[in-house]
Amino acid sequence: MGEYRSKLENKEMDFLCEAILSLETREDVYKFFEDICTINEIKDLEQRLQVAKMLKQKRTYLDIASSTGASTATISRVNRSLNYGSDGYNTVFERINWKEK
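Residues numbered from 1 in each chain as written. Predicted model: local features only at pLDDT ≥ 70, side-chain atom pairs only at ≥ 80, totals over all residues. Heavy atoms only, no water.

Colleague: Can you lay out the overall build of the chain for me, pointing to particular residues and giving the numbers?
Modeller: Along the chain, the regular secondary structure elements total six helices and zero strands. Put simply, the chain runs from its N terminus to its C terminus through helices and strands in the order α-α-α-α-α-α. Along the first, second and third principal axes, the C-alpha atoms of the chain reach 40 × 40 × 25 Å. Put simply, the chain has 101 residues, and 15% of those count as buried. Across the chain, every contact between residues at least 6 apart in sequence was considered, and the portion connecting residues at least 24 apart equals 41%. Accessible surface, the chain as shown: approximately 8300 Å² in total, 52% of it carbon and sulfur. (Helix = DSSP H or I, 4+ residues; strand = E, 2+ residues; numbered from the N terminus. Buried < 20%, exposed > 50% of the residue type's maximum accessible area, 1.4 Å probe, protein only. Contact = heavy atoms within 4.5 Å. Areas by Shrake-Rupley, 256 points an atom, 1.4 Å probe, with all protein chains shown as cover.)

Colleague: So what about the packing of helix α4 (residues 61-68) against helix α5 (residues 72-84)? Which residues, and what values?
Modeller: It is at 10 Å that the axes of α4 and α5 come closest, and there the two elements cross at 115°. Between α4 and α5 the crossing geometry is right-handed. Taken together, the residues of α5 that come into contact with α4 (itself represented by Y61, I64 and A65) are T72, I75, S76 and N79. (Axes fitted to C-alpha atoms, helices over the stretch in contact; angles between N-to-C directions. Left-handed = near helix turned anticlockwise from the far one by under 90°.)

Colleague: Hey, could you go over the pattern of salt bridges for me, with residue numbers and the actual values?
Modeller: Here the structure, examined in full by the defined rule, presents four salt bridges. Of the charged contacts, one joins R5 and E9 as a salt bridge, the two residues approaching to 3.1 Å between their closest N and O atoms. Judged by relative accessible area, which is 36%, E9 ranks as partly exposed. Of the charged contacts, one joins K43 and E46 as a salt bridge, the two residues approaching to 3.5 Å between their closest N and O atoms. (Salt bridge = Lys/Arg side-chain N within 4 Å of Asp/Glu carboxyl O.)

Colleague: Go over unusual backbone geometry, please, and point to the residues and values.
Modeller: At K58, a residue that is not glycine, the phi angle is positive and equals roughly 65°. Turning to its location among the elements, K58 is positioned in the loop between α3 (39-56) and α4. For K58, a relative accessible area of 72% corresponds to the exposed category. Of note in the backbone geometry, D87 takes a positive phi value of approximately 70° without being a glycine. Topologically, D87 is positioned in the loop between α5 and α6 (88-95). On the basis of relative accessible area, D87 is assigned to the partly exposed category, the value being 41%.

Shown next as structure tokens:
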């Protein structure tokens, strides 16, 4: 299998990736995302990760929607990414050593 190439890849996105990779502490991450994103954008990212976590736990759409406030469209989109995406969610879950329980 060849090297992964993102559809988003360009030098500006590379710069953003390098910026994120430079963050060393949780405080660095909070500061950076508070500056670069709106509160709603951050909350959307937070919600999607929670939805992915709950989908991995085999929770129902109804349960996920009531727990997170996510729409069924958002849950479906996250589910599609989990099953057919670039494996980003699973990479993160593995690296932070999160197990579905």
